[in-house]
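A look at the structure
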Amino acid sequence: MSTPLEQWVESVSRMTHPKQIVWCDGSQEEAARMQEQMIREGDTERLNEKTYPNCILHRSNPNDVARTEQVTFICTRDRRNSGPTNNWMSPEDAKQTLGGLFNRSMKDRTMFVIPYSMGPAGSPQSRIGVEISDSPYVVASMRIMSRMGKAALDRLGNSNDFVPGLHSLGDLNPNRRYIAHFPEEKLIWSVGSGYGGNALLGKKCFALRIASWMAREQGWMAEHMLILGLEAPSGKVTYMAAAFPSACGKTNLAMMVSALEGQGYRVWTVGDDIAWLQPGPDGRLYAINPEAGFFGVAPGTNTNTNPNVMTALRENTIFTNTGMTSQKEPWWEGMDDRTPEAVTDWQGRPWTAANGPAAQPNSRYTVPAQQAPSISPHWQDPAGVPISAFIFGGRRARLAPLVYQATDWRHGVYVGATMASETTAAATGAVGVTRRDPMAMLPFCGYNMADYLQHWLDMGARVPNPPQIFHVNWFRRGADGKFLWPGYGDNVRVLKWILERIEGQAAASETPIGFVPTPNALTLDGLNISRATMEELLRVDSADWIKEHANVGEFFAKFGDDLPQGIREEHKRLGERLQGVMSAPK
Ligand code: OXD
Ligand code: MN
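These lines cover the structure that appears in this document, whether it is placed above or below.

Rules behind the numbers
Just so you know, the residues in each chain are numbered from 1, in the order the chain's sequence is written. Note on labels: chains are lettered from A, ligands numbered from 1, in written order. Only residues with pLDDT of at least 70 get local features here, since the model is predicted, and only at 80 or more are side-chain atom pairs given and counted; chain-wide, interface and lining totals rely on the full set of residues. Excluded from the side-chain calculations are hydrogens and water; all other atoms, namely the structure's heavy atoms, are used. Distances define the donors: N, O and S atoms within 2.8 Å of the metal qualify, as do those within 3.2 Å of Na, K or Ca. Water is excluded, so some sites may look unfinished. Here a helix means four or more residues in a row that DSSP labels H or I, a strand means two or more in a row labelled E, and each is numbered from the N terminus. Exposed residues in this analysis have more than 50% of their type's maximum accessible area, buried residues have under 20%, and partly exposed residues fall in between, with area computed by a 1.4 Å probe over protein chains only. The cutoff for a nearby residue is simple: one of its non-hydrogen atoms must lie within 4 Å of the molecule or strand. Here a polar contact is taken to be a pair of N or O atoms separated by no more than 3.5 Å, where protein atoms must pair a possible hydrogen donor with a possible acceptor and residues adjacent in sequence count only if both atoms sit in side chains. What sets the accessible areas is the Shrake-Rupley method with a 1.4 Å probe; for residues, cover comes only from the shown protein chains. Three classes are used: nonpolar for Ala, Val, Leu, Ile, Met, Phe, Trp, Tyr, Cys and Pro, charged for Asp, Glu, Lys and Arg, and polar for all others, with Gly counted as polar. Salt bridges are identified by distance alone: a Lys or Arg side-chain nitrogen within 4 Å of an Asp or Glu carboxyl oxygen.

1. Some words on the coordination of the manganese ion (ligand 2)
For the manganese ion (ligand 2), the full set of protein donor atoms is Lys204 (NZ), His224 (NE2) and Asp273 (OD), at a range of 2.2 Å. If you list the donors of the manganese ion (ligand 2) from N- to C-terminus, the spacing comes out as K-x19-H-x48-D. Linking Lys204 in helix 7 (residues 202–218) with His224 in the loop between strand 12 (221–223) and strand 13 (226–231), this pair joins segments that are 20 residues apart in sequence. Across this residue pair, the class does not change: Lys204 and His224 are buried.

This is how it looks when you write it as C-alpha cells:
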C-alpha cells in the first residue's frame with residue numbers, strides 16, 4: 001500500500017513526466033550535488049572559497065526577480081472567501097489553466113520531492129509540507145529556509161497531514177506564470193517563476209497564505225512578523241513581534257546591534273519575517289519562527305545597517321542577483337564605501353553605470369539563521385517565546401510619528417488594519433506609492449481580509465493577557481526631504497520606550513491616535529538630535545490625520561458589510577477624536 005505522499009508524487013509525475021524523481025534527504029552531499037547541477041546549468045557561480053566558503057551566486061531570469069502579486073490567486077469555491085483584496089479564480093478554472101502548464105513541464109528535468117518542517121523539531125506548532133519542484137535552486141534554498149529532508153519525512157510517516165506544494169519553472173514566460181492557493185484543500189500550485197517568494201513554497205505560500213487560513217480554523221495566528229527579544233540590564237528578555245511591509249527593515253530590526261548596548265540593552269533574533277502565534281497555558285501569546293533561514297534584501301545592507309547579517313553571510317549562503325567583484329565576492333550598492341573595479345552585474349555583464357545598478361534592487365541573500373551572531377538561545381524553543389508587544393509600522397514620509405501606543409487591543413487591531421506604506425522593490429509594480437497594507441498581510445492573507453480582521457478581534461478575547469500594540473515609523477522626513485530619525489541600531493531607543501510602557505513606566509501624552517512619548521521620554525544619550533527634530537518626529541498633525549482617516553474610510557469601503565463592527569466603531573471614534581481636537585479652542 002502506498003502512502004498518501006507516494007500517491008500524490010505518483011499523480012504529479014503522471015502529469016509532469018519528469019526524466020527522473022529524486023527524494024531529497026537534506027544531506028550535505030545532496031546540497032553539494034544541487035550546487036554542481038546549478039553551476040552546470042550556467043545560471044550559478046561558485047564564489048571565492050577563501051573569503052566566502054560554500055557560497056554561490058545565482059542569477060535568475062531577468063524577468064523573474066520579485067513576487068508577482070497580479071498572478072497570485074486564492075482559489076476558494078466561494079469567491080467571497082477570497083475577499084476583495086485577493087485575486088480569485090475558481091478551483092476548477094485554476095486547475096485547468098495551471099494543469100495545462102504543468103502538463104509534461106518536467107519532461108527533460110529532474111523532479112525533486114522536498115519534505116520539510118515549518119517550525120522547530122518537537123514543537124506542537126510545527127507543520128509538515130512537501131514541495132515538488134524541478135528547480136535545484138529551490139532545493140538548495142529550501143534546505144536553508146526550512147528544516148528539510150529525512151527528519152521531516154520520518155515525522156510525516158504514513159500520515160496525510162502535510163501541505164502539498166507543486167512547483168515547476170515551466171518556460172519562465174511571465175504570461176504563463178501563476179501562483180495558486182487552494183486553502184480548502186491546503187494545496188499550492190506555482191508555475192513559471194523561480195523567484196523565492198513565488199517558488200520556495202514553504203515561505204509565503206504555506207507559512208502565510210495557507211497557514212493564515214489554518215490558523216483561523218484552529219484558533220491561532222500566522223503573521224508577517226519578525227520576532228525579537230530585548231534584553232534589559234537586569235538580564236530579563238522581553239519578546240516583541242513586528243509587522244512591516246516587505247523591504248521595510250524587518251530583518252535589520254530583528255538583527256540589530258543596539259546603540260544602547262553600553263547601558264545593557266541588547267537585541268536577540270528569533271525570526272525576521274514570519275511568526276506563528278498561539279495562546280499558551282498562562283494566557284499569553286507564544287510565537288515560533290516557522291523558518292530556519294533569512295531571505296533578506298541585499299542592497300543597502302552593510303556593517304552599519306546590519307553588522308550581524310554581514311557576519312552571518314560569509315559562509316553557506318546563496319546570493320541571488322547581486323553583483324560580483326573580480327575577486328568573486330558578492331557586491332551590491334550600499335555594501336561599503338568602495339566601488340570595486342571590474343564588477344560583474346546581476347545579469348552577468350561587465351557592469352557599467354549606464355546599465356543601471358550592479359545588484360538588482362530586490363537581490364537577496366539566503367542564509368541559515370543559526371549563523372547570525374544575534375540568534376536567540378530560544379529561537380528553536382518548541383514552546384515558542386511569550387510575546388509582550390506587537391509593533392506595526394511602515395514607510396511614511398509624513399504623518400505617522402516615530403512611535404505611538406494603542407489604547408487597548410481593539411484600538412490596536414484598528415491601528416494594524418489601517419497600516420500603510422510606500423511601496424518598495426520586493427514586489428513588481430510602481431515603487432514609492434502609498435498602499436494600505438493591513439498588518440503587512442495584504443499580499444499574504446489566504447482568505448477574506450474582513451474575516452482576518454475579525455479573527456484578530458476574536459483572538460483578543462481568547463488571550464487573557466494579549467500583547468500591547470504599538471506603531472512605529474522610522475521613515476519620517478523633514479521639510480528638506482531627509483530622514484529625521486537615524487534608524488538601525490538607534491531604533492533600540494524606541495524599543496526601550498515600548499518596554500517601559502509595557503512595564504507601566506515611560507511617559508506619554510494622550511493624542512487622538514494613541515499615546516505618544518513626551519520628548520524627554522526616549523533615551524537619547526549619545527545621539528546628536530535636536531529638540532526641534534524630536535518634536536517634529538513625535539508631532540501628530542490632526543489636519544493630516546483627518547485626510548488619512550478619509551482615505552482609510554475609502555479603503556474599508558471595499559469590504560462593504562463584511563467589515564467587522566469593532567473596526568467600524570474604532571474608525572468612527574478616531575474620526576470623532578480628531579474632529580474634537582480640530583474644533584477645540586486653541
Ligand atoms: C519577503 C517579502 O521576501 O515580504 O519577505 O517579499
Ligand atoms: Mn516578507
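Next comes the rest of the description.
2. As for the site of ligand 1
With respect to spatial proximity, nine residues lie near ligand 1, and among them Arg67, Lys204, Ser246, Asp273 and Arg364 are the closest. Within the side chain of His224, a nitrogen or oxygen atom sits 3.4 Å from an oxygen atom of ligand 1. Between ligand 1 and Asp273 there is a distance of 3.2 Å, counted from an oxygen atom to a side-chain nitrogen or oxygen. Contact with the protein chains hides 94% of the accessible area of ligand 1, taken as 210 Å² for the molecule alone. By residue class, the composition of the shell around ligand 1 is three nonpolar, two polar and four charged.

3. Some points on the pattern of salt bridges
Inspection of every chain in the model, using the stated rule, returns 35 salt bridges. The partner of Glu548 in a salt bridge is Arg396, with the nearest N and O atoms 3.0 Å apart. Residue Glu548 is located in helix 14 (residues 542–557), and its partner Arg396 is located in the loop between strand 23 (385–393) and strand 24 (403–405); the two are separated by 152 residues in the primary sequence. Here Glu548 matches Arg396 in class, with each residue buried. Among the ionic pairs, Glu570 bridges to Arg410, the shortest N-O distance being 2.8 Å. One end of the pair, Glu570, is in helix 15 (residues 565–583); the other, Arg410, is in helix 10 (residues 409–417), with 160 residues separating them in the sequence.

4. A few points about unusual backbone geometry
For Lys328, which is not a glycine, the phi torsion comes out positive at approximately 60°. Positionally, Lys328 belongs in the loop between strand 20 (323–324) and strand 21 (330–331). A positive phi angle is found at Ala342, which is not glycine, with a value near 55°. Within the secondary structure, Ala342 sits in the loop between strand 21 and strand 22 (364–368). Looking at Ala342, the relative accessible area reads 58%, which means it is exposed.

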